[in-house]
Amino acid sequence: MDQPRSTAGDATLAHGKTADTAGFSAGFRAEDRFEDRFDDEDYPAYSMGAAAEMLGVSPAFLRALGAAKLIEPMRSSGGHRRFSRYQLRLAARARELVDQGTPVEAACRIIVLEDQLAEALRINNARDRPAGH
């Protein structure tokens, strides 16, 4: 849980897993229960085409988010990009900002900062909560 999910410049998104570009099966063992993958927001279940269609964006937009280091999709054994639900949520937020006129690079930086703030608030709230509650 302490590894960054993705990077944007020198900043990293809080909590999660690092994208594995060697193949998306890394980190998912054969003995993992199939049902558990349905609930795993980091499981790379969506192809480039499916992700772009779900978000209403072009594959080029998703590649731009990758180039800006907001999302780093995992790769299938054939080299195809695979996206997780978490990455799709980040991409959807980026699309909102870009649709409002924010440049892609700035949108990515805003999302990283929003995520870091949310993580800091979560940590502070957990620290301030009395033990046993």
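This text gives an overview of the structure that appears in the document. (Residues numbered from 1 in each chain as written. Predicted model: local features only at pLDDT ≥ 70, side-chain atom pairs only at ≥ 80, totals over all residues. Heavy atoms only, no water.)

**Looking at helix 4 (residues 85-99)**
What counts is decided by this rule: Here a helix means four or more residues in a row that DSSP labels H or I, a strand means two or more in a row labelled E, and each is numbered from the N terminus. A helix's residues, less one, multiplied by 1.5 Å, set its expected span. Partly exposed residues are those whose accessible area sits between 20% and 50% of the maximum for their type, while under 20% is buried and over 50% is exposed, using a 1.4 Å probe and protein chains only. Contacts are assigned to residue pairs with any non-hydrogen atoms lying within 4.5 Å of each other.
A rise of 1.5 Å per residue sets the reference length of helix 4, with its 15 residues, at 21 Å; its end C-alpha atoms lie 21 Å apart and thus fit the reference within 8%. By the burial criterion, the buried members of helix 4 are Tyr86, Gln87, Leu88, Leu90, Ala91, Ala94 and Leu97. Against the buried residues of helix 4 lie strand 3 (46-47), helix 2 (48-55), helix 3 (59-67), strand 5 (81-83) and helix 5 (104-128).

**Details of the sheet that holds strand 5**
Keep this limit in mind: At least two bridges found by DSSP between two strands are what make those strands a pair. Every axis corresponds to a line fitted to the C-alpha atoms, with the helix fit spanning only the stretch in contact, and the corresponding angles, defined between N-to-C directions, vary from 0 to 180 degrees.
Taken in spatial order, the three strands make up an open sheet running 3-5-4, and their pairing is antiparallel. Strand pairing shows two members of the sheet lacking a second neighbour, strand 3 and strand 4 (74-75), which therefore form its edges. One ladder, built from two bridges, connects strand 3 with strand 5; its direction is antiparallel. Across the sheet, the residue bridging to tyrosine 46 is phenylalanine 83, located in strand 5. Each of strand 3 and strand 5 is contacted by helix 4, which is oriented at about 85 degrees to strand 5, the strand it contacts most.

All quantities given are derived from atomic positions and should not be read as evidence of function.
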